[in-house]
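# Observations on chain architecture
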Amino acid sequence: MKAAEQIMSDKKQKISKVKNASWGGRFSEQTDAFVEAFTASVQFDQRMYKQDIAGSRAHAKMLNKIAVLSDTDLDTILKGLDKVETEIETGQFEWSVALEDVHMNIEARLTALVGDAGKRLHTGRSRNDQVATDIRLYLREQIAYIINEIERLQQGILDVAEREAETIMPGFTHLQVAQPVTFGHHLMAWYEMLKRDASRFDDGSQRMNISPLGAAALAGTSYPIDRAFTARELGFSAPSQNSLDSVSDRDFAIEFCSSAAILLVHMSRMSEELVIWSSAQFDFIELPDRFCTGSSIMPQKKNPDVPELVRGKTGRINGNLISLLTLMKSQPLAYNKDNQEDKEPLFDTVDTVLGCLRAFADMVPAIHCKHDNMYNAAKQGFSTATDLADYLVRKSLPFRDAHEVVGNAVAKGVKEGKDLSELTLEELQQFSDKIEGDVFDVLTLEGSVASRDHTGGTAPVQVRKAVAIARKA
Ligand code: ARG
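This section reports on the structure supplied with the text. (Residues numbered from 1 in each chain as written. Predicted model: local features only at pLDDT ≥ 70, side-chain atom pairs only at ≥ 80, totals over all residues. Heavy atoms only, no water.)

### Considering the site of the ligand
Here is the rule we go by: Proximity criterion: a residue is near a molecule or strand once any of its heavy atoms comes within 4 Å of it. What qualifies as a polar contact is a pair of N or O atoms within 3.5 Å, subject to a donor-acceptor requirement within protein and to the restriction that residues adjacent in sequence count only when both atoms come from side chains. The protein chains shown are the only cover counted for residues, whose accessible areas, like all others here, come from Shrake-Rupley with a 1.4 Å probe. Secondary structure elements are defined from DSSP: runs of H or I of at least 4 residues count as helices, runs of E of at least 2 residues count as strands, and each element is numbered from the N terminus. For this classification, Asp, Glu, Lys and Arg are treated as charged, while Ala, Val, Leu, Ile, Met, Phe, Trp, Tyr, Cys and Pro are nonpolar and the rest, including Gly, are polar.
With respect to spatial proximity, the complete set of residues near the ligand consists of S41, D101, H103, R127, N128, V131, Y335, Q340 and K343. Contact between the ligand and N128: a nitrogen atom at 2.8 Å from a side-chain N or O atom of the residue. Between the ligand and Q340, the relevant distance is 2.8 Å, taken from a nitrogen atom to a side-chain nitrogen or oxygen of the residue. Contact with the protein chains hides 86% of the accessible area of the ligand, taken as 340 Å² for the molecule alone. No other element matches the three residues that helix 8 (residues 127-163) contributes to the shell around the ligand. A class-by-class count of the residues in the shell around the ligand yields two nonpolar, four polar and three charged.

Below you can see the structure in the form of structure tokens.
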């Protein structure tokens, strides 16, 4: 064979080996095997197959409505898509890295099944608006699961808060005993954090519920498409208003990851408290054995692994947020391949958040309180000192003077190793003649918590009220 012929035949061979029929037309050599794997996303974006098929159904129906697709073609495509979906769900579908992503895998299989009608499906759309649609649909569904799971955790918190509305424990500032609080009140603080978290997810979900379909590659399409129709078909609230923006921005994914990061930061704080409370030094609570593990070397150990792990997972969730922010930073309009990198941090966030919520929602209702230890801890550290000061103010001492009087009483208590409530009336009266027998009503832990009887206060009555309001909501 002559050299020229050799080259021609090599070239022919290469052309015939171009595997990607979707865009192979202008290429004269086959994609490098490594590059093919490097640029593929099908390994992870196949989890959006349902959304991709739903998007194709809506798009095909719209093309038929505007008479770009015949009734027969539409029927063939819809039947074909059903078949593809069944194949995927029964594990018969063969995903191919050579076909790059979920969109081209499904389209190629559809075409293999139904022929030319399958090839007509991609009229007036692009993978760019397709992927932007798929992610929104996927995230919208996952957010609903996440909100459900947050609500299940909140439900558990409410049950424990109600049960422990009267349980007294020390409240802390600077992790130093500050004032007595009820455990129910403490848990209701968690409830409030989660309430805002759920509303953040919901808020983001509504903002992202806009259909990018029809933006096509970046500029729209020359077909007389009906974007309101596809938006409605897919349950979006409206079509998006700018095609360039629709295919390029991933702010909705960033927003989701930011809501997730705030949620996990909250959960890491709850975790930290569970870890501290279940330590031998605090010994306020016991976590059920099924949520703990032992040590392979120290037989006595029972480790609070679940809260520790949730605390740790906050790191990757924060990391995922930073990944997406950095991914988006400085990207020029419109679509760039960079955006393919949005999926792994996003999916990891979904999985991690759902896992953490599930573990917490299962675990929290099973927290066992050690009431005596909590109570005794609240008795240490002069937690009712503020109550004594308030008492003196009610007896018309200016607050700054009252503060001074109590400071002196505390100093005596420290010296003698006694709580304020353990000093005698005579001893207390040394510091102020305003102190009378009724002082002990406020120096007791029960008196202290009961007196904080207003909206948002720690009194058991208020905790029960807060629980009741939350249950109604
Ligand atoms: N797999 C791609 C992604 O996840 C789909 C869009 C690709 N579009 C393109 N023109 N290369 O973003």
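### Let's talk about the packing of helix 4 (residues 49-65) against helix 5 (residues 71-89)
Here is the rule we go by: Under this scheme, a helix contributes an axis fitted over its contacting stretch, all axes are lines through C-alpha atoms, and angles between N-to-C directions fall in the 0 to 180 degree range. Any angle that is under 35 degrees is reported as roughly parallel, and any over 145 degrees as roughly antiparallel; angles of 65 to 115 degrees are reported as roughly perpendicular and all others as oblique. In what follows, residue pairs with any heavy atoms lying within 4.5 Å of each other are defined as contacts.
Helix 5 packs onto helix 4 with a crossing angle of 175° between their chain directions and a minimal axis gap of 10 Å. Regarding the angle of helix 4 to helix 5, the classification is roughly antiparallel. Across from Y49, K50, I53, S56, R57, A60, K61 and N64 in helix 4, the residues of helix 5 making contact are D71, L74, I77, L78, L81, D82, V84, E85, I88 and E89. Of the residues in the contact of helix 4 with helix 5, the class split is nine nonpolar, two polar and seven charged.

### Considerations on unusual backbone geometry
Inclusion rule: A simple rule labels every residue: compare its accessible area, found with a 1.4 Å probe on the protein chains alone, to the largest value its type can have, and call it buried under 20%, exposed over 50%, or partly exposed in between.
Between L333 and A334 the backbone carries a cis peptide bond, its omega angle lying at 0°. Locating A334 in the fold gives a position in the loop between helix 13 (305-328) and helix 14 (343-363). In this structure, D283 takes a positive phi of about 55° despite not being glycine. In this fold, D283 is placed in the loop between helix 12 (251-277) and strand 5 (285-286). Not every positive phi belongs to a glycine, and S330 is a case in point at roughly 70°. Among the secondary structure elements, S330 is positioned in the loop between helix 13 and helix 14. The exposure class of S330 is exposed, given its relative accessible area of 61%.

### A closer look at the pairing of strand 2 (residues 176-182)
What counts here: Any two strands with at least two DSSP bridges between them are considered paired.
In terms of strand pairing, strand 1 (residues 168-173) meets strand 2 through six bridges, oriented antiparallel. Following the sheet pairing, G171 is matched in strand 2 by Q179. What sits between strand 1 and strand 2 in their antiparallel hairpin is a turn of two residues, with H174 showing a positive phi close to 60°.

### Some words on the pattern of salt bridges
Worth spelling out the cut-off: Each salt bridge in this description consists of a side-chain nitrogen of Lys or Arg and a carboxyl oxygen of Asp or Glu lying within 4 Å of one another.
Tallying each qualifying case throughout the model produces 39 salt bridges. Here E164 and R163 are joined by a salt bridge, their closest N and O atoms 3.5 Å apart. The class of R163 is partly exposed, set by a relative accessible area of 47%. Here R464 ties to E166 by a salt bridge, and the two come within 2.9 Å at their closest N and O atoms. In this pair, R464 sits in helix 21 (residues 460-472) while E166 sits in the loop between helix 8 and strand 1, placing the two residues 298 residues apart along the sequence. Residues joined in a network through salt bridges with shared partners are K50, R57, D82, E85 and E89.

### Remarks on the side chain of D129
Defined as follows: A positive count includes Lys and Arg, and a negative count includes Asp and Glu. His and the chain ends are not counted in either.
With respect to the helices and strands, the residue D129 is situated in helix 8. Buried and unpaired, D129 has R125 as its nearest opposite-charge partner, separated by 6.1 Å. Looking at D129, its side chain comes within polar contact range of the main-chain nitrogen of G214, at 2.9 Å. Setting aside residues no more than four positions away along its own chain, D129 makes contact with P212, L213, G214, A215, A216 and V247.

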